[in-house]
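Observations on chain architecture
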Amino acid sequence: MLSLAYEAIEKGLSVRAVERAVRERLRPAEPETEPDPETHKRAVIVRDLEERLRRSLGVKVAVRSDSKKKGSGTIEVPYGSLDELDRLLEHLLGERRDDEA
């Protein structure tokens, strides 16, 4: 605390700033947790899947898992125009539009 007092004088800290600094220094340090290997593995798989879908569809794709229901989630495929939506639908459905056949 003595070092904090010197710091407060040197920097001209306000009473509120000193109180905040005291609270931060008295707060117990949170132990560093190692990343869960299973979570890391899933993240790598999801990133790879997103990249493969991006290359195939030509748009940035987001894969999100449902935290409440294991093994379920959503795939988000954004589009910027109706023409792009048509192109994506053709690709996903494997169909050609009637006016192009």
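Residues numbered from 1 in each chain as written. Predicted model: local features only at pLDDT ≥ 70, side-chain atom pairs only at ≥ 80, totals over all residues. Heavy atoms only, no water.

Some details on the overall build of the protein chain
- For the protein chain, the helix and strand inventory stands at 4 helices and 2 strands.
- Along the protein chain, helices (α) and strands (β) appear in the sequence α-α-α-β-β-α when read from the amino end.
- Relative to a compact globule of 101 residues, whose C-alpha radius of gyration would be 13 Å, the protein chain shows 26 Å and is clearly more extended.
- Each of the three principal axes of the protein chain carries a C-alpha extent, and together these read 80 × 30 × 25 Å.
- The buried share of the protein chain, reckoned over its 101 residues, is 11%. (Helix = DSSP H or I, 4+ residues; strand = E, 2+ residues; numbered from the N terminus. Rg over C-alpha atoms; globule rule 2.2 N^0.38 Å. Buried < 20%, exposed > 50% of the residue type's maximum accessible area, 1.4 Å probe, protein only.)

Here's the deal with the environment of Thr-33
- If you trace the backbone, Thr-33 turns up in the loop between α2 (15-26) and α3 (37-57).
- Spatially, the C-alpha atom of Thr-33 lies 17 Å from that of Ala-43, the residues being 10 residues apart in sequence.

A few points about a nonpolar patch on the surface
- The grouping of Leu-89, Leu-92 and Leu-93 at the surface amounts to a nonpolar patch, some 290 Å² of accessible area in total.
- For Leu-89, the location among the structural elements is in helix α4 (residues 82-93). (Patch = residues over 30% accessible without salt bridge, like charges linked within 9 Å, V, L, I, M, F, W, Y side chains within 5 Å. Areas by Shrake-Rupley, 256 points an atom, 1.4 Å probe, with all protein chains shown as cover. Salt bridge = Lys/Arg side-chain N within 4 Å of Asp/Glu carboxyl O.)

Quick word on the environment of Glu-76
- By secondary structure assignment, the location of Glu-76 is in strand β2 (residues 73-76).
- When the C-alpha atoms of Glu-76 and Arg-64 are compared, they prove to be 7.9 Å apart, with 12 residues separating the residues in sequence.
- A distance of 3.1 Å separates the side chain of Glu-76 from the side chain of Arg-64, its partner in a polar contact. (Polar contact = N/O pair within 3.5 Å; in protein donor to acceptor, adjacent residues only side chain to side chain.)

Observations regarding the packing of helix α1 (residues 2-11) against α2
- Here α1 crosses α2 at 150 degrees, and the two axes come no closer than 11 Å. As the angle between them shows, α1 and α2 are arranged roughly antiparallel. Here α1 and α2 pass one another in a crossing that is right-handed. Contact residues: Ser-3, Leu-4, Glu-7 and Ala-8 in α1; Val-18, Ala-21, Val-22 and Arg-25 in α2. (Axes fitted to C-alpha atoms, helices over the stretch in contact; angles between N-to-C directions. Parallel < 35°, antiparallel > 145°, perpendicular 65-115°, else oblique. Left-handed = near helix turned anticlockwise from the far one by under 90°. Contact = heavy atoms within 4.5 Å.)

Quick notes on the layout of surface pockets
- As a volume, the largest pocket reaches approximately 320 Å³.
- For the largest pocket, the lining is made up of 15 residues, of which Arg-42, Val-46, Ser-65, Gly-71 and Ser-72 are closest to its centre.
- Within the lining of the largest pocket, the residues separate by chemical class into 5 nonpolar, 6 polar and 4 charged. (1 Å grid on protein atoms, 1.4 Å probe; cavity = no way out; pocket = protein on both sides within 12 Å on 5 of 7 lines; lining within 4 Å. Points joined across faces, edges and corners; volume = space filled by probe spheres on them. Nonpolar A, V, L, I, M, F, W, Y, C, P; charged D, E, K, R; others polar.)

Some words on the confidence of the model for the protein chain
- Of all residues in the protein chain, 95% have pLDDT values of 70 or greater, and the mean over the chain is 86.
- Per-element averaging of pLDDT across the protein chain places α1 at the bottom with 85 and α4 at the top with 93. (pLDDT = per-residue confidence, 0-100.)

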